[in-house]
Amino acid sequence: MLETRLGEFEEVLLLLVGILGEDAYALNIAEEFSKQTGRTVSIGATHSTLKRLEDKGFLKSFMSQPTQVRGGRRKRIFTITALGTRALETSRALRQSLWQQFPGFSQQMIYEF
Amino acid sequence: MSSDQHPPSRAQKFLRFFLKPELWEEVSGDLDEQFYTSIRKGSSRKAYWIYWLQVLHYLRPFAVRKLINTPSNLSIMYQHNLLIGWRTIRKNKLFSIINIGGLALGMAVTILITLWIKEEISYDRFHKNYSNIYQVIANRDFNGNIFTDRNMVFPLARFIDEEIPQVDHAVWMTHGQTVQFTDGITITQQRGHQVGGPFFDLLNWTFIHGNASTALNDPTNIVLTRSMADIYFKGKNPVGKTIRILQGDDLTVAAVVEDPPANSSISFDFIRPFDIGDPGIKKLENHWNNYSWNILISTEDHTNMKSIDAAITDIMERHTENSNSTYFTHPLKDWHLRAEFNAGINSGGLIQYLQLFGLVAAIILIIACINFMNLSTARSSNRATEIAVRKTLGSNRSQLIQQFFFETIILTLFAFVLAIISVYLVLPYFNLIAESNLTLDLFDPSWWLVGLVIILLVGMIAGSYPALYLSGFKPVSILKGAKPMEKQHLPRGILVVFQFVASIALISGTLIVFEQINHVKSRDVGYDPDNLIMIPGRGDILQEYEVIKNELLASGRVQSVTRTRSPITQIWWRSPAPNWPGRPPETDILFSGMTTGFDFVKTMGISMQQGRDFTGTPGDTASVLLNEAAVKAMQLEDPIGKQIEYGDPFTIIGIMENAIMESPYEQVSPLMVFYAPDDAGYIHVRLADNVGPVDALAAMETIFTEVNPDLPFEYEFVDEEFGKKFAHEERISKIIGAFAAIAIFICCLGLLGMATFTVQKRTREIAVRKVLGASVSQVLILISRDFIKLVLIALIIAGPVTYLIAKNWLENYEYRIALNPLLFLLVGAFVVIISLSIVCVNALQKARANPVLSLHDE
């Protein structure tokens, strides 16, 4: 059985796929990851994780129309599935719940509000 | 986008090679896109780098295609065998360690011995004429006492060359001589030969400068080895240059040859021709009484050597009156390996030790293999079910045999790697003990062939019994629950007995060798070798003897000084017996001779049995000292004052106790000592009792260098020289001792494995017996009885066998120990105790355990 929980890297990638929409292919996702987090990651590592997420059913993919830029070669565009969205929501809910139970932090938030 | 910039094609090719084809389009698209983007942004070099990096980052399981084709059925089977083999090894760690460790030890010993034997039999093979070269030697018969002599007369070689057509070349040469050379600055001492005849045509040496045909043309020529040439003419071509013998002639370097290899019987630093102009040499040309030279000959192929031997004997008989010598030829291939003669018959030599050690190595390897067989068959019942299931599922017997061989060969492979590692570690120590220079060259392909053969051979031998035996099980009866091997103890018993026979034999053999050496060492030497120093009479030492003697004595560090013809640790002069009144006819006794000066007996510390030493009076020149052996051989009664005739008449003035001058393993030969102070070659110095040798040597060096300012002060301690006579036997005993230890260790490993196994198998039996009231000791006796029975049988076999072998070996020595049967009993007791303790330690645990625990299991 495949692991259904999300790792940190997986979670970020899922979010990035959602953000990038039509442009969510491996190279672009890797570059966006670097831009957003300041950490570099290879295309291979990104691709490998995307493939894993696809195997888990959180992503699906299709080949785009060939473009001139890539010498007629197509790219694989990833889109998030309903299962993927649910996994993200579960993960966020868990975190929020944890944040709220964290006394030091929730106190502070009360003061701020 | 610039058109001349492309992604690195090598990286692309590589990517294409390993990437799954279905990923190619998207991945290469991504990588190219990134490449062109970074080119537009900055340096192209960086883009290349990034591209490569990205390609390498695609080396991930998800992206790499299957590079190996789907395995066939056969390789699945081998994979399976490998897996099962590996599991069996891991499941029984103790057994595996014993098996692999024992085999590894056995193989390490075999590899070592093989290396050594290989080195020894490679001796002299580099000579082109290897099989046609001989040394001329003679058996000299002294009244039935035959003594084999390598010393020949000077003219013989020339006559052999002229008169015997089958002989291609004949060469005569001196024994190795030590000569001091100088170029005006550096003085060195070098060893070499003077030769006559075509030395460089007979034997092959590699010429660096000059050539074989002209090297010995001129009597003032000299041929140097590379290392000697490097001392005096570093980096230059020395041919035509001059080198001087210290206080002697100038010689012209005619050629330079490579140093004789380590595996050459003949070694030298230089070779020079006899000086034919020298009147002394001229005289020798017709001198048929002086036996001092070695003669080498080479013959045509397929020569009948018997006829050559007869022809040589014939030449000698025509020129001399003595007819007690038979001449014959000793082939080059035997020089190193079979150099010893006993009563005129070749009695072997090194070859015996090669054979002995070869045998020992084989025995040790066999012991290790036996361990393996024993443990595997013993464990067979644990695997019986596995075999039955395999058979039921359709394995035929040959497949099972294959499987077991496969497992054995895996184990053997492990053991082999271990063995190589240990040989590497042990080799330096082995070289030290065996005084050899062996190396393990792993890059030598022939070596790998040997390794492969060893692995397969050992694998086959060690695996044969379990493979054939285990594969023969009847599946039905085993699956019904029958035990497969209840009445199969006999062959295993035989194997264990064999192991112990070998170990007992090796241990007792070692002890016997040790005992013999100690016996000879504690023998009365007949003189006092401690605090005695001998100094070769080089340079002006002998001319200035009186001065030196007085100064030495005046220094207060020296008790007494004498000069002799030869060192006290050697005999240089052998001769037929003198005549004496009442000598029985046809008595021919081989005598040793020595000439000395004043104070001989006192300096050597020889005790006189009767009579007195030389006194330095004129009457001494007509006097002689004999040793006890001489008196006994001549059957003289009341010898003092009797006359002997040896050229001139001599009066016997003293009888010395027998001093061991030659081999301590032989009887002391009859010795006569004449007074001839000017005929000296050595000075012997007895140090004063209360003086330390360092102090004394320093004082002596000053005195000697005053006389010989150019020469280094050379000296030898007599006790050290005497000790060297034991070196050979001591070496052998050390090696055999090490092997005996290894053998008994491997045996014990095997015993340990067997004992552990037996105890495991009988756990429940032990528990039941305990419940029924057996005591711990009764259980121990029960378990050890079987093993001790085997060890005792081994003892009964090993005793007589070793006795016979040892007796045979001891017959090489005239002075030897009597074999004591008690020795075998002691060794036997030792082995019994060791095996008992191994078995008992194992059994004790089970015997002490609460029986409920083991019975509870079921």
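Residues numbered from 1 in each chain as written. Chains lettered and ligands numbered in written order. Predicted model: local features only at pLDDT ≥ 70, side-chain atom pairs only at ≥ 80, totals over all residues.

Novice: Quick question: what am I supposed to make of the overall build of chain B here?
Specialist: Summing up its helical and strand segments, chain B has 27 helices and 26 strands in all. Taking all 858 residues of chain B together, the buried fraction comes to 35%. A sequence separation of at least 24 residues applies to 81% of the contacts in chain B between residues at least 6 apart. (Helix = DSSP H or I, 4+ residues; strand = E, 2+ residues; numbered from the N terminus. Buried ≥ 20, exposed ≤ 12 C-beta atoms within 10 Å, placed from the backbone. Contact = placed C-beta atoms within 7 Å.)

Novice: Even after reading the chapter, I still don't get the overall build of chain A, so can you show me in this structure?
Specialist: The helix and strand inventory of chain A stands at five helices and two strands. Its helices and strands taken in sequence order, chain A reads α-α-α-β-β-α-α from the N to the C terminus. Residue burial in chain A is summarised as follows: out of 113 residues, 27% are buried. A fraction of 47% describes how many contacts in chain A between residues 6 or more apart in sequence connect residues 24 or more apart.

Novice: When you look at the nonpolar core in this model, what are you seeing that I'm missing?
Specialist: Buried together is how nonpolar side chains tend to be arranged in soluble globular proteins. All names here are of chain B. Ranked by size, the top nonpolar core spans 84 residues in total, and within it Leu103, Met107, Ile364, Phe500, Ile504, Phe739 and Ala743 carry the most contacts. Built from parts of two domains, this core gets at least three residues from each of domain 2 (75-123 + 346-485) and domain 4 (487-523 + 720-858). If near-sequence neighbours (up to four positions away) are discounted, Phe500 is found in contact with Cys747, Leu790, Val791, Ala794 and Val831. By size, the runner-up hydrophobic cluster in this structure holds 51 residues, among which are Met152, Trp205, Ile315 and Phe328. (Core = buried A, V, L, I, M, F, W, Y, C linked by C-beta atoms within 7 Å. Domains from an automatic or database assignment.)

Novice: Looking at this model, I keep getting lost on the pairing of strand β9 (residues 242-245) of chain B. Mind explaining?
Specialist: Both faces of the sheet carry side chains from a regular strand, because those side chains alternate between them. Residue and element names in this part refer to chain B. Bridge analysis of strand β5 (residues 177-182) against β9 gives two bridges, and the strand direction is antiparallel. Each residue of the ladder has a partner; that of Thr182, found in β9, is Arg244. Sheet analysis places β9 next to strand β10 (residues 250-257), joined by three bridges and oriented antiparallel. Paired with Thr242 across the bridge in β10 is Thr252. (Pairing = 2+ DSSP bridges.)

Novice: Looking at this structure, I do not really get the interface of chain A and chain B. What am I missing?
Specialist: Where the parts come together, the accessible area they lose is often given as the size of the interface. Across the boundary between the two partners, chain A contributes 15 residues, which contact 16 residues of chain B. With five residues, the top contributor of residues to the side of chain A that touches chain B is helix α3 (residues 43-56) of chain A. Grouping the constituent residues of the side of chain A that touches chain B by class yields six nonpolar, three polar and six charged. (Nonpolar A, V, L, I, M, F, W, Y, C, P; charged D, E, K, R; others polar.)

Novice: When you look at helix α3 (residues 44-57) of chain B in this model, what are you seeing that I'm missing?
Specialist: Side chains three or four residues apart in an α-helix point the same way, a direct result of the helix having 3.6 residues per turn. For α3 of chain B, spanning 14 residues, the distance from its first C-alpha to its last is 20 Å, which sits close to the expected 20 Å at 1.5 Å a residue. For α3 of chain B, the full list of buried residues reads Ala47, Tyr51, Gln54 and Val55 of chain B. An end-on view of α3 of chain B places all buried positions within 100° of arc, on one side of the element. Residues of α3 of chain B that are exposed and angled more than 90 degrees away from the buried face: Arg45 and Lys46 of chain B. Contacts made by the buried residues of α3 of chain B are with α3 of chain A together with α1 (9-18) and α2 (24-41) of chain B. (Expected span 1.5 Å × (residues − 1). Arc of directions from axis to C-beta.)

Novice: Hey, could you run me through the confidence of the model for chain B in this one?
Specialist: For residues with low pLDDT, the predicted coordinates do not support detailed interpretation. Residue and element names in this part refer to chain B. With 96% of its residues at a pLDDT of at least 70, chain B reaches an overall mean of 84. By mean pLDDT, helix α27 (residues 851-856) is the weakest element of chain B at 74, and strand β8 (residues 221-225) is the strongest at 93. In the predicted assembly, ipTM is 0.86 and pTM is 0.65. (pLDDT = per-residue confidence, 0-100.)

Novice: Explanation requested: the confidence of the model for chain A in the structure shown.
Specialist: When pLDDT is averaged along chain A, the result is 84, and 88% of the positions lie at 70 or above. Model confidence for chain A, summarised as mean pLDDT per element, is weakest for helix α5 (residues 103-112) of chain A at 56 and strongest for strand β2 (residues 76-80) of chain A at 93.

Novice: Where do I start with the pairing of strand β22 (residues 643-646) of chain B in this structure?
Specialist: Residue and element names in this part refer to chain B. Relative to strand β23 (residues 648-656), β22 runs antiparallel, the two being bridged by four bridges. Opposite Ile644, over in β23, you have Phe650 as the bridge partner. Between β22 and β23, which follow one another and run antiparallel, lie one residue, and Gly647 among them has a positive phi close to 75°.

Novice: Sorry, what's going on with the environment of Asp648 of chain B here?
Specialist: With respect to the helices and strands, Asp648 of chain B occurs in strand β23. According to the C-beta neighbour criterion, Asp648 of chain B is exposed, with 9 such atoms within 10 Å.

Novice: Would you mind showing me how to read helix α25 (residues 776-810) of chain B here?
Specialist: With 35 residues, α25 of chain B extends 47 Å from end C-alpha to end C-alpha; this agrees with the ideal 51 Å at 1.5 Å per step. Along α25 of chain B, the helix axis deviates most sharply at Arg785 of chain B, where the bend reaches about 40°. (Bend = angle between axes of the 7 residues up to and from the residue.)

Novice: What's the story with the packing of helix α5 (residues 93-121) of chain B against helix α23 (residues 727-761) of chain B in this structure? I'm lost.
Specialist: Geometry of a packed helix pair, given as the angle between the helix axes and the separation of the axes. All names here are of chain B. Remark: α5 packs on α23, axes separated minimally by 10 Å, with the N-to-C direction vectors making an angle of 160°. On the basis of their axis angle, the class for α5 and α23 is roughly antiparallel. Here α5 runs over α23; the crossing is left-handed. Each of Leu94, Phe95, Ile98, Gly101, Gly102, Leu105, Gly106 and Val109 in α5 lies in contact with α23, whose residues at this interface are Phe739, Ile742, Ile746, Leu749, Gly750, Leu752, Gly753 and Thr756. Grouping the constituent residues of the contact of α5 with α23 by class yields 10 nonpolar, six polar and no charged. (Axes fitted to C-alpha atoms, helices over the stretch in contact; angles between N-to-C directions. Parallel < 35°, antiparallel > 145°, perpendicular 65-115°, else oblique. Left-handed = near helix turned anticlockwise from the far one by under 90°.)

Novice: Looking at this structure, how should I read the packing of α5 of chain B against helix α15 (residues 445-470) of chain B?
Specialist: Residues and elements named next belong to chain B. For the pair α5 and α15, the least separation of the axes is 12 Å and the interaxial angle reads 140°. By the angle class used here, α5 and α15 are oblique. With respect to the hand of their crossing, α5 and α15 are arranged in right-handed fashion. Across the interface between the two elements, Leu103, Met107, Thr110 and Thr114 from α5 touch Val450, Ile454, Val458 and Ala462 from α15. Residues that form the contact of α5 with α15 fall into these classes: six nonpolar, two polar and no charged.

Novice: How do you make sense of unusual backbone geometry when you look at a structure like this?
Specialist: The general pattern is negative phi for most residues beyond glycine and trans for most peptide bonds. All names here are of chain B. Of note in the backbone geometry, Asn531 takes a positive phi value of approximately 60° without being a glycine. Checked against the element boundaries, Asn531 lands in the loop between α17 (489-521) and β16 (532-536). Here Asn531 falls in the partly exposed class, since 18 other C-beta atoms lie within 10 Å of it. A positive phi angle, close to 70°, is found at Asp599, a residue other than glycine.

Novice: Help me out: how do you make sense of the environment of Tyr665 of chain B in this one?
Specialist: All names here are of chain B. Inspection of the secondary structure assignment puts Tyr665 in the loop between β23 and β24 (671-675). For Tyr665, a count of 20 C-beta atoms within 10 Å gives the class buried. In sequence terms Tyr665 and Tyr813 are 148 residues apart; their C-alpha atoms lie 5.3 Å from each other. If sequence neighbours within four positions are ignored, Tyr665 has contacts with Val520, Tyr813, Glu814 and Tyr815.

Novice: Is there a simple way to think about the environment of Leu50 of chain A in this case?
Specialist: Residues and elements named next belong to chain A. Positionally, Leu50 belongs in helix α3. Distance in space between the C-alpha atoms of Leu50 and Ala26 is 7.8 Å, their sequence separation being 24 residues. In this view, Leu50 contacts Leu13, Ala26, Leu59 and Phe78; residues no more than four positions away in its chain are not counted.

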